[in-house]
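Listed below, chain by chain, are the residues.
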Amino acid sequence: MPCRHIRQLSNKCVGVHQSSALSPFLIVVVIDTITRDLQQSIPWTLLYDGDVILSDTTRESLQEQVLLWKSRLSQYGLRLNLNKTEYLEANPITYTIEVD
């Protein structure tokens, strides 16, 4: 049975099965460790169960962050899954309301 592993020693697989309860925790620890200097304070950068949420005030700054993260993760054999990547933009709407 194949397993996802962190490293291989001789012929023995060392690591945690993907379906293990520890897997989400371990991947967050790994991502947190290798990207610590790229992270901004909460809520601008969030890590949860292998997912990353990056936020910024401008589209350009966000694009820079994504490129930095992509580069850093690839240095460690990880990658951003572009098929699962979502982009949300919230433009401020300027209007007033009246309350009696």
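Check the entry above for the structure.
Here is what the cut-offs are and how they apply
Residue numbers run consecutively from 1 along every chain, following the written order of its sequence. Selection of residues for local features in this predicted model requires a pLDDT of at least 70, selection of side-chain atom pairs for listing and counting requires 80 or more, and totals for whole chains, interfaces and linings are taken over all residues. Each side-chain value is derived from all of the structure's non-hydrogen atoms; neither hydrogens nor water enter the calculation. Each helix corresponds to a stretch of at least 4 residues labelled H or I by DSSP, and each strand to a stretch of at least 2 residues labelled E; elements are numbered beginning at the N terminus. Think of it in three bands: with a 1.4 Å probe and only protein chains considered, a residue is buried below 20% of the maximum accessible area for its type, exposed above 50%, and partly exposed in between. By definition in these notes, contact holds between two residues if any of their heavy atoms fall within 4.5 Å. Methods summary: accessible areas were calculated by the Shrake-Rupley approach with a probe of 1.4 Å, and residue burial reflects only the protein chains presented. In what follows, salt bridge is the name for a side-chain nitrogen of Lys or Arg lying within 4 Å of a carboxyl oxygen of Asp or Glu. Two strands pair if DSSP finds at least two bridges between them. What we call a nonpolar core is a set of buried Ala, Val, Leu, Ile, Met, Phe, Trp, Tyr and Cys residues that are connected through their side-chain atoms within 4.5 Å.

Draft legend 1. Local environment of the overall build of the protein. A count of helices and strands for the protein gives two helices and four strands. The N-to-C order of helical and strand elements in the protein reads β-β-α-β-β-α. Taken across its 100 residues, the protein has 12% of its residues classed as buried. Sequence separation of 24 or more characterises 26% of the internal contacts of the protein that already satisfy a separation of 6 or more. Of the roughly 8,900 Å² of accessible surface on the protein, 55% is carried by carbon and sulfur atoms.

Draft legend 2. Representation of the pattern of salt bridges within the structure. Under the counting rule described, the total for this entry stands at two salt bridges. Residue Arg-36 is joined to Asp-32 by a salt bridge in which the shortest nitrogen-to-oxygen separation is 2.3 Å. The exposure class assigned to Asp-32 is partly exposed, which follows from its relative accessible area of 21%. Linking Arg-72 and Asp-37 is a salt bridge whose minimum nitrogen-to-oxygen distance equals 2.6 Å. Of this pair, Arg-72 sits in helix H2 (residues 59-75) while Asp-37 sits in the loop between helix H1 (23-34) and strand E3 (45-48); the two residues are 35 residues apart in sequence, bridging distant segments of the chain.

Draft legend 3. How the structure looks around the pairing of strand E4 (residues 51-54). In this sheet, E4 lies alongside E3 in antiparallel orientation, the contact comprising four bridges. Bridging from a neighbouring strand, Leu-47 pairs with Val-52 of E4. Counting the residues between successive antiparallel strands, the hairpin from E3 to E4 contains two residues, one of them, Asp-49, with a positive phi of roughly 50°.

Draft legend 4. Inspection of the environment of Pro-24 at higher detail. Locating Pro-24 in the fold gives a position in helix H1. Note on Pro-24: relative accessible area 28%, which makes it partly exposed. Separated by 27 residues in sequence, Pro-24 and Asp-51 place their C-alpha atoms 9.4 Å apart.

Draft legend 5. Spotlight on the nonpolar core. Residues Ile-31, Ile-34, Leu-38, Leu-54, Leu-62, Trp-69 and Leu-73 constitute the largest nonpolar core, which totals seven residues. For this core, the secondary-structure elements that each account for two or more residues are H1 and H2. Per element, the largest residue contribution to this core is three residues, and it comes from H2. The contact partners of Leu-54, leaving out residues within four places of it in the chain, are Trp-44, Thr-45, Leu-62, Gln-65, Val-66 and Trp-69.

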